[in-house]
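Topology and contacts: notes
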Amino acid sequence: MTLTKDHINEALSAIAHPSGGDLVSRGCVLNIAVCDEHASVRICMTQGNPSESQPSRDQLAKMGALVDSMVRGAAKDQGIDALGLIVDFVDHQGEVIMKLKGDAKGVAREQSKDDPKTPTPQNSGATGVPGVKHIIAVGAGKGGVGKTTVAVNLAIGLARKGHAVGLLDGDIYGPSLPTMLGLHSMEQVVLDGALQPFMAHGVKSITMGKLVDAEKPLIWRGPMAHGAFHQLIERTQWGELDYLIIDLPPGTGDVPLTLAQSVQLTGAVVVCTPQRVAQDDAVRASAMFESLGVEVLGVVENMSYFIGDDGKEYDIFGRGGAQQMAQRLNHPFLGAIPINMALRENSDGGKPTHNFDPKTAGGEALPKALETLVDQLEAQVTLASMSKGASKPTLTVS
Ligand code: ADP
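What you see is a predicted model; the values in this text were computed from it and never measured.

1. A few points about the pattern of salt bridges
- Across all of its chains, the model carries 14 salt bridges by this definition.
- Among the salt bridges present, the one from Glu313 reaches Arg319, with a minimum N-O distance of 2.5 Å.
- Given the relative accessible area of 43%, Glu313 is considered partly exposed.
- The exposure class assigned to Arg319 is partly exposed, which follows from its relative accessible area of 38%.
- Salt-bridge contacts for Asp315 lead to Arg319; the nearest nitrogen and oxygen are separated by 3.8 Å.

In C-alpha cells, the structure reads:
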C-alpha cells in the first residue's frame, strides 16, 4: 500500500475551517508532496480571503496538530506507522509563518530558527530578476546524468518557439556552457559594470567559464560560490526574458541548496537516468526543492534508451525507471531523451541547434523527444503560474 496525495487530501478535507467549510474546499491546501514515508503539506489559512487576519500562533499550532493527526491517520491506513511530516503554514506571499515538523512518534513541534536542519523557505530571502517572467532551475542528484545537456536543449527549444530565453551556467565548479554553446572564440563584454550576455543560437547566456581561467580548477567554498552566482545573476544585463534557465551545480549539498533558494524560482526540473541508483539521487534532489518550497515542474529521463544501427531500441539502463519515480513522487514526467551519438557530438562541438534537425540529430527520435520535452515544460510553467495566481485564465463570452 502506498500513501498518495489523494489520501492526504481526503484526510485534510475532514478538517473544518474556523470560518466555515473545510481546509480543502476553501482552497487552503496549496501543496501536498509525498515520498515513501515522508510527506509535506503547505497551507494558507486565509487563502482566497486576503482581508481576513491570520490566525494567532496558538490557533495555528492547534490546527497544525490536527493536520498532523489526520494525515498520520491516513498514513496508518496505508500501513505507514512512522510518517515524517512537515506542515508549513504560509501567508499570501508564500512566506512561511509557522513550520511544524512531526517526528516518527507523531509529535508535531515547531522548528526553531536555530535548528541547523531547518531549511530557509525559498520565498523568504529569494529575489526575482527584473524583466524575467519565469526562472527555472535544472538540477540533478549527481553529476554526469546530462543536466547541462537538458538545460541547454530546453533553452534552445524554448527559443525556437519564439520565446526570449536566457541560460545561466550556475554550475560554477565545472562550467560546460562555453563548450556546449561554442562560446570559446567570443569575449565577455562588460558595459558600465554590467555583464553583457552572449547571444548564440538564439539564446542569451552567461557562464563563469568565460570569466575565469578554464584550465584552473575552481575551489570555492560555500559563501564564495554564492557570491559568484549572485554576481552572474544580478550583474548581467538580461533585458526582457520569458524564461531564464539556470543550470544548477549537481547534487543536494550546500551549494546547490543555497543557490536554489536565493532566487525566486517558478519551479525546477529534475534530470535523472533510469537506473535505480540514479533515481535515489533524484528523489533526494526533488526533496531538496520541495523542502525549499520550490515546485518540481517535472522529471526528465535522460539516456533512457539507445537506438542501434539496426533501428531497434535497446533499454540499456532500464528505460522507464525515472518515469516510475516521477509517478511515485506525483511529479509530472516531461519526457525521455535517448542515448544519441549525434547529441554528444553536437554538444561537444557547440552546435546544439543541430539536435533539432533530423539530418544532424541522427534521425527523427531526438528532435521529437526534445520538442515533447519543451512542450511539456511550457505547459507545466503555465499551470504553475496559474496556481500561483500570476496569470489567471480569462473566459470571454460573446
Ligand atoms: P551533467 O551536467 O549532468 O554533468 P552533461 O550534460 O555535461 O552532464 O553530460 C555529460 C556528457 O554526457 C556530455 O558529454 C554529454 O554530451 C553526454 N550526454 C548527455 N546526455 C546524452 C545523451 N542522451 N546521449 C548521448 N550523450 C549524452
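2. Describing the site of the ligand
- Near the ligand you find 18 residues, and of these Gly144, Gly146, Lys147, Thr148 and Thr149 are the closest.
- Thr148 is positioned with one of its side-chain polar atoms (N or O) 2.8 Å from an oxygen atom of the ligand.
- A distance of 2.9 Å is found between a nitrogen atom of the ligand and a side-chain nitrogen or oxygen belonging to Asn302.
- In isolation the ligand offers 560 Å² of accessible surface; the protein chains occlude 81% of this area.
- The pocket occupied by the ligand, as judged from atoms lying within 2 Å of grid points, is the second largest pocket.
- Counting residues per element, the ones that place at least two in the shell around the ligand are α4 (147-160) and α10 (341-348).
- Among the elements that make up the shell around the ligand, the one with the highest residue count is α10 (four residues).

3. Digging into the pairing of strand β4 (residues 96-102)
- Judged by how many residues are buried, β4 sits mostly within the fold: five of seven residues are covered.
- Strand direction decides the pairing type here: strand β3 (residues 84-90) and β4, joined by six bridges, are antiparallel. Note that in β4 the partner of Leu85 across the bridge is Gly102.
- Connecting the antiparallel pair β3 and β4 is a turn made up of five residues, with Gly94 showing a positive phi of about 85 degrees.

Rules used throughout
- Residues numbered from 1 in each chain as written.
- Predicted model: local features only at pLDDT ≥ 70, side-chain atom pairs only at ≥ 80, totals over all residues.
- Heavy atoms only, no water.
- Salt bridge = Lys/Arg side-chain N within 4 Å of Asp/Glu carboxyl O.
- Buried < 20%, exposed > 50% of the residue type's maximum accessible area, 1.4 Å probe, protein only.
- Near = heavy atom within 4 Å.
- Polar contact = N/O pair within 3.5 Å; in protein donor to acceptor, adjacent residues only side chain to side chain.
- Areas by Shrake-Rupley, 256 points an atom, 1.4 Å probe, with all protein chains shown as cover.
- 1 Å grid on protein atoms, 1.4 Å probe; cavity = no way out; pocket = protein on both sides within 12 Å on 5 of 7 lines; lining within 4 Å.
- Sits in = over half its atoms within 2 Å of the grid points.
- Helix = DSSP H or I, 4+ residues; strand = E, 2+ residues; numbered from the N terminus.
- Pairing = 2+ DSSP bridges.

Scope: geometric values only; no functional claims are made or implied.
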